[in-house]
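Structural overview for review
The residues making up each chain are set out below.
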Amino acid sequence: MSYRVRLPLLWLPFLLCQAAYAQPSLLQGNKSGEQVYKTVCHACHETGVAHAPKVGDRAAWAPLIEEGQHVLTGHAWVGVRAMPARGGTTEITLAEFARAVAYMARGSGGNWKDPDSKLLLQIVNEADKRLVKAIKEQQAMQRELHNLAKTAR
Ligand code: HEC
């Protein structure tokens, strides 16, 4: 092999490592919980608009913390009543959102840690269950509308 061919080959392991790091992972996203809270969630959760549980309100957070970290985070990610899905933004990843929930819980009497990939997978499963339920409810509504439309023919 000539020197001109061999030299670029030396880069190969390095390039492969880079590709591995660039792959999406559950832990994707560098923003801390505090950063996300202060830029996204704080608009509603500082003032308690529309009954958003205020950070620091231990009484409001106690039953939420009781639900468990993966359950509460999964439900909040897909949206709960006046709580918009993903906090109303597509600018944050699931890991960043989950860190924000943990940060809010820590400020309200809990001791939740920033989730690792194992906990994030549990959050994904919980969010998925919620979505399946919502999709079934919407399909039932759609069937009802279709049946109603048939009566008009
Ligand atoms: C536009 C206002 C708004 C923004 C922005 C918002 N929330 Fe909320 N959030 C709410 C409201 C309102 C509720 C209460 C929903 C209810 O129980 O009816 C809530 C509830 C929650 C809950 C409890 C969910 C449950 O199961 O009861 C969590 C956790 C939460 N928010 C996390 C977040 C995080 C994290 C962010 C930022 C990434 C965020 N929220 C941004 C309005 C907001």
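Each chain carries its own residue numbering, running from 1 in the written order of its sequence. In keeping with the model being predicted, local features are shown solely for residues with a pLDDT of at least 70 and side-chain atom pairs are shown and tallied solely at 80 or more, while totals for entire chains, interfaces and linings include all residues.

Helix and strand assignments come from DSSP, with helices taken as H or I runs of at least 4 residues and strands as E runs of at least 2, each series counted from the N terminus. From N to C terminus, the chain includes 7 helices and 0 strands. Taken from N to C terminus, the helices and strands of the chain fall in the order α-α-α-α-α-α-α. In this scheme every C-beta is placed from the backbone, and a residue whose C-beta has 20 or more other C-beta atoms within 10 Å is buried, one with 12 or fewer is exposed, and one in between is partly exposed. Counting every position in the chain, which comprises 153 residues, the buried fraction comes to 25%. Considering only contacts in the chain between residues 6 or more positions apart, those separated by 24 or more positions represent 71%. What counts as a contact is two residues whose backbone-derived C-beta atoms lie within 7 Å of each other.

UniProt positions are given in the numbering used here, feature names are shortened, and annotations may be inferred rather than shown by experiment. Here, the residues flagged by UniProt with the feature "coiled-coil region" (unreviewed entry) are residues 124–151. Overall, residues 124–151 shows 96% helix and 0% strand. The separation of its end C-alpha atoms is 41 Å.

Turning our attention to the nonpolar core. Put simply, a nonpolar core is buried Ala, Val, Leu, Ile, Met, Phe, Trp, Tyr and Cys residues tied into one set by C-beta atoms within 7 Å. Counting residues in each nonpolar core, the largest one holds 24 residues, and the members touching the most others are Val36, Leu94, Phe97, Ala98, Ala100, Val101 and Met104. Listing elements by their share of this core, those giving two or more residues are α3 (33–45), α5 (69–78), α6 (94–106) and α7 (117–150). For Ala98, the contacting residues outside a window of four places in its chain are Thr73, Pro115, Leu120 and Ile123.

Moving on, we come to the site of the ligand. Around the ligand sit 24 residues in total, of which Cys41, Cys44, Arg81, Met83 and Gly87 are the nearest. Broken down by secondary-structure element, the contributors of at least two residues to the shell around the ligand are α3, α5 and α6. Looking at the shell around the ligand element by element, the count peaks at 6 residues for α3. Classification convention: Asp, Glu, Lys, Arg as charged; Ala, Val, Leu, Ile, Met, Phe, Trp, Tyr, Cys, Pro as nonpolar; all other residues, Gly among them, as polar. Of the residues in the shell around the ligand, the class split is 18 nonpolar, 5 polar and 1 charged. As used in this record, a residue near a molecule or strand is one whose C-beta atom, placed from the backbone, is within 6 Å of it.

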